[in-house]
Amino acid sequence: MNEPVAAQGSPVSRRWNGAFLVLVVPIVNAIGGFFTLDFILSGQYTWGRTMRTFVLSLSLLILAYEFVYRELQARYPEWAGRRLLMHVLGYSVVPFFGGMALLLLLLEATRALK
């Protein structure tokens, strides 16, 4: 029986992977942080909103693990775990809190305009 052959990515697909990691992942995490804090500050804790926020949080954790941590681990096997963790923080956690900060900034701006 033959062994499975690993698929080789074309240069175009590698370029898109880099763009996904640098552009899409931080934007998705920033939006997730924005809506998570919106849920927390709203005070409307219905089952529907709670489950939506819970699923959003789980999705962001899966995104950070599967598409950031494991992607970087496969791309740079020589990197130590601490260096990988720092990149996960930079691509996922910092934009998440940036989205929260954006919501707080918008709330303060609307209060100042009243």
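Now for a look at the structure at hand. The structure displayed is predicted, hence computed values, not measured ones. Throughout this description, residue numbers start from 1 for each chain and increase along the sequence as written. Where totals are concerned, whole chains, interfaces and linings use all residues; where local detail is concerned, this predicted model gives features only for residues with pLDDT of at least 70, and gives and counts side-chain atom pairs only at 80 or more. As a convention, hydrogens and water are excluded, and side-chain values are obtained from all of the structure's heavy atoms.

**Let's talk about the overall build of the protein chain**
Per the secondary structure count, the protein chain includes three helices and zero strands. The order of α-helices and β-strands along the protein chain, N terminus first, is α-α-α. Per-residue burial for the protein chain yields a buried fraction of 22% across its 114 residues. Contacts are residue-level and defined by heavy atoms, with any inter-residue pair within 4.5 Å sufficient. Looking at the protein chain alone, contacts between residues at least 24 apart form 70% of all its contacts between residues at least 6 apart. Every accessible area reported is derived by Shrake-Rupley at a probe size of 1.4 Å, with residue values counting cover from the shown protein chains alone. Entry remark: accessible area of the protein chain is about 8500 Å², with carbon and sulfur atoms responsible for 69%. Counting from the N terminus, the helices are the DSSP runs of H or I reaching at least four residues and the strands are the DSSP runs of E reaching at least two. For every residue, the accessible area obtained with a 1.4 Å probe (protein chains only) is divided by the maximum for its type, and the residue is called buried under 20%, exposed over 50%, and partly exposed between those limits.

**Comments concerning the nonpolar core**
We call a set of buried Ala, Val, Leu, Ile, Met, Phe, Trp, Tyr and Cys residues a nonpolar core when their side-chain atoms join them within 4.5 Å. Residues Val68 and Leu72 are the most contacted members of the largest nonpolar core, which totals 14 residues. Elements with a minimum of two residues in this core: helix 1 (11–42), helix 2 (47–75) and helix 3 (81–113). Residue contacts for valine 68: discarding those within four places in its chain leaves Leu21, Val25, Leu63, His87, Val88, Tyr91 and Ser92.

**Observations regarding the side chain of threonine 53**
With respect to the element layout, threonine 53 can be found in helix 2. Within 3.5 Å is the distance limit for a polar contact, defined as a pair of N or O atoms, with the added protein rule that one can donate a hydrogen and the other accept it, and that residues adjacent in sequence qualify only through two side-chain atoms. Polar contacts involving the side chain of threonine 53 include one to the main-chain carbonyl oxygen of arginine 49, which spans 2.9 Å. With residues near it in sequence (within four places) discarded, threonine 53 still touches Thr36 and Phe39.

**Some points on the pattern of salt bridges**
We define a salt bridge as a contact between a side-chain nitrogen of Lys or Arg and a carboxyl oxygen of Asp or Glu at a distance within 4 Å. Tallying each qualifying case throughout the model produces four salt bridges. With its nearest N and O atoms 3.7 Å apart, the salt bridge here joins aspartate 38 to arginine 49. Here aspartate 38, found in helix 1, pairs with arginine 49, found in helix 2; they are 11 residues apart in sequence, far enough to count as distant. Its salt-bridge partner being arginine 70, residue glutamate 66 comes within 3.2 Å of it at the nearest N-O pair. One end of the pair is glutamate 66 and the other is arginine 70, both in helix 2 and four residues apart, which spans about a single turn. For arginine 70, a relative accessible area of 40% corresponds to the partly exposed category.

Read these as layout, nothing more, since geometry by itself doesn't imply function.
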